[in-house]
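Here is how the chains run, residue by residue.
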Amino acid sequence: MTSQFTPRVFSGIKPSGGLTLGNYLGAIKRFVGMQGQMETVYCVVDMHAITVWQDPAELKTATREVAAGYIAAGLDPTKSILFNQSQVSAHAELGWIFNCVARVGWMNRMTQFKDKAGSNAEKVSLGLYAYPSLMAADILLYHATHVPVGEDQKQHVELTRDIAAKFNHDFKADFFPITDPVIDGPATRVMNLRDGTKKMSKSGESDMERINMLDDADKIAKKFKKAKTDPEPLPETYEGLKDRPEARNLVEIYAALNDMTPEAVIAEYPGAGWGTFKPALADLAVAKLAPMSDEMRRLMDDPAEIDRTLMAGADRARAIAQPILEKTYDIVGLLRG
Ligand code: AQP
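All of these numbers come straight from a predicted model, not from anything done at the bench. (Residues numbered from 1 in each chain as written. Predicted model: local features only at pLDDT ≥ 70, side-chain atom pairs only at ≥ 80, totals over all residues. Heavy atoms only, no water.)

Tell me about the overall build of the chain, residues and numbers included.
Check the secondary structure of the chain and you find 13 helices and seven strands. Relative to the compact-globule value of 20 Å for 337 residues, the chain shows a C-alpha radius of gyration of 21 Å, a close match. Put simply, the chain has 337 residues, and 51% of those count as buried. For the chain, contacts bridging at least 24 residues in sequence account for 77% of all contacts bridging at least 6. Only carbon and sulfur atoms are counted for the fraction: they give 53% of the accessible area of the chain, which is about 15300 Å². Here the chain holds 40 positive side-chain charges and 45 negative ones, and the gap between their average locations is 3 Å. (Helix = DSSP H or I, 4+ residues; strand = E, 2+ residues; numbered from the N terminus. Rg over C-alpha atoms; globule rule 2.2 N^0.38 Å. Buried < 20%, exposed > 50% of the residue type's maximum accessible area, 1.4 Å probe, protein only. Contact = heavy atoms within 4.5 Å. Areas by Shrake-Rupley, 256 points an atom, 1.4 Å probe, with all protein chains shown as cover. Lys, Arg positive; Asp, Glu negative; His and termini not counted. Charge placed at Lys NZ, Arg CZ, Asp CG, Glu CD.)

The structure is reproduced here in structure tokens:
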């Protein structure tokens, strides 16, 4: 179904706070791995961020931080298209078309909305509810065939496929690709350091539950030292991590940071106590994150340069998006002058 489409990657991160190790391992590191394999379009999805309240000045800083994180981790603005979503108005325009394609029943099944809205569903923004249809527009506006995401976004990519299929069926037009989610590697779901059953999030309540990409060595060491674990040492085999979510999380973080399998981590540390493993994990995390955080700080010292990079990326994004939006309007029957 996607074979007639040029292979193209689209993904994004919302600037709803500082970047976490979850964003890095579950998304950015994998974005970098796909660069050069096919055309890559990476977005800072600022319009998704405002589905919950954002302080306007902090939103601008967070948008630049995500862009700096992309570049510091190895995304090259000459090889990938890097931009922020709100500069390409076609996202919002196609999002509206998809609001008219997606069904309320589909939206009602979105678990992320249920998690985020909790018992407060009557009071959250309409944007938070419609978020997955804007996300479908982000992806399909570029006829993206591949979307690297963490496990938490799988349901939204499946909804994107449903929207594309319904649009193609309703308008008898084989126009949108049925996009493949790309969810692979050992850290597609990095968990909260204080509760191994919850994912690590930018906007989680306590800073101690996450590693931020901009944390310094002392903070990283302190957070891993205080990370919740059970009292048992590491097992002798990977299977021994079953039903030990916190222990498994730390092993998987180590594996993802060091490009090895979790099985190989256990083979290196069979039966190790936390007094041995946690400092080794902290040292590894610092070794991998410090060069990136140094570069992020350097880039963020020159916000005008980041803004120029995002603006140039938006021009390139628009050149792909606008003809696809125009064609969509035509298929739907919206009259153009
Ligand atoms: N803990 C995680 N493990 C693996 N991948 C993760 N991602 C986020 N957290 C983890 C992946 O990062 C990409 C960007 O996500 P996002 O920022 O757009 O949305 P999110 O998943 O809602 O991220 P947060 O950090 O949880 O933000 P808040 O707290 O503001 O809602 C996605 O590919 C996501 O899978």
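Go over the site of the ligand, please, and point to the residues and values.
By nearness alone, 23 residues border the ligand, and S16, K116, D152, K202 and S203 come closest of all. Take K14: an N or O atom from its side chain is 2.7 Å from an oxygen atom of the ligand. The side chain of K199 places a nitrogen or oxygen atom 2.7 Å from an oxygen atom of the ligand. For the ligand, the accessible surface in isolation is 650 Å², of which the surrounding protein chains cover 97%. Elements with a contribution of two residues or more to the shell around the ligand: β1 (8-13), α1 (21-34) and α6 (111-117). (Near = heavy atom within 4 Å. Polar contact = N/O pair within 3.5 Å; in protein donor to acceptor, adjacent residues only side chain to side chain.)

Report on helix α8 (residues 154-170), specifying residues and quantitative values.
Given a rise of 1.5 Å per residue, 17 residues ought to cover 24 Å, and the 24 Å separating the end C-alpha atoms of α8 matches this to within 8%. Those residues of α8 not exposed but buried are H156, V157, L159, T160, I163, A164, F167 and N168. Positioned one or two residues after α8, K172 has a phi angle of 45°, which is positive. (Expected span 1.5 Å × (residues − 1).)

Before we move on, could you go through the packing of aromatic side chains and cite the residues and values that matter?
The geometry of an aromatic ring pair comes down to the distance between the two centres and the angle between the two planes. Taken as a whole, this structure holds 15 aromatic pairs when the rule is applied. With a centroid separation of 4.9 Å and an interplanar angle of 70°, the aromatic rings of F167 and F176 are classed as edge-to-face. Given a relative accessible area of 0%, F167 falls into the buried group. Aromatic ring contacts, followed pair by pair, group F98, F167, F171, F175 and F176 into a single cluster. (Phe/Tyr/Trp six-rings, centres within 6.5 Å; stacked < 30°, edge-to-face > 60°.)

With reference to specific residues and values, describe the packing of α1 against helix α10 (residues 245-257).
One way to put it is that α1 packs onto α10 with a least axis distance of 11 Å and a crossing angle of 45°. The angle between α1 and α10 places the two elements in the oblique class. Helix-helix and strand crossings are classified by hand; for α1 and α10 the assignment is left-handed. The residues of α10 that touch α1, namely those facing L21, L25 and K29, are I253, A256 and L257. (Axes fitted to C-alpha atoms, helices over the stretch in contact; angles between N-to-C directions. Parallel < 35°, antiparallel > 145°, perpendicular 65-115°, else oblique. Left-handed = near helix turned anticlockwise from the far one by under 90°.)

Tell me about the domain arrangement of the chain, and name the residues and values.
One frequent convention defines the size of an interface as the accessible area lost when the parts assemble. Domain boundaries in the chain define domain 1 (2-182 + 302-332) and domain 2 (207-298). Domain 1 and domain 2 are separated by 30 Å when their C-alpha centres are compared. Of the roughly 1200 Å² buried between domain 1 and domain 2, counting both surfaces, carbon and sulfur atoms make up 75%. Considering only the side of domain 1, the residues that lose the most area to domain 2 are L21, Y24 and A72, jointly responsible for 41% of the buried surface there. Counting every contact that joins domain 1 to domain 2 gives one salt bridge. Between K29 and D259 there is a salt bridge, with the nearest N and O atoms lying 2.5 Å from each other. Connecting domain 1 to domain 2 are four residue pairs in polar contact (both at pLDDT 80 or more). (Domains from an automatic or database assignment. Buried area = accessible area lost by both parts, 1.4 Å probe. Salt bridge = Lys/Arg side-chain N within 4 Å of Asp/Glu carboxyl O.)

Explain the environment of L128 to me, using residue names and the numbers behind them.
For L128, the position within the fold is in helix α7 (residues 126-140). The spatial distance from the C-alpha of L128 to the C-alpha of T40 is 27 Å, given a sequence separation of 88 residues.

Can you tell me about the packing of α7 against α8, naming the residues and giving the values?
Two numbers describe how α7 lies on α8: the axes approach to 9 Å, and their chain directions differ by 70°. The orientation of α7 relative to α8 falls into the category roughly perpendicular. Of the residues in α8, those touching α7 at Y131, P132, S133, M135, A136, I139 and L140 are H156, V157, L159, T160, I163 and A164. A class-by-class count of the residues in the contact of α7 with α8 yields ten nonpolar, three polar and no charged. (Nonpolar A, V, L, I, M, F, W, Y, C, P; charged D, E, K, R; others polar.)

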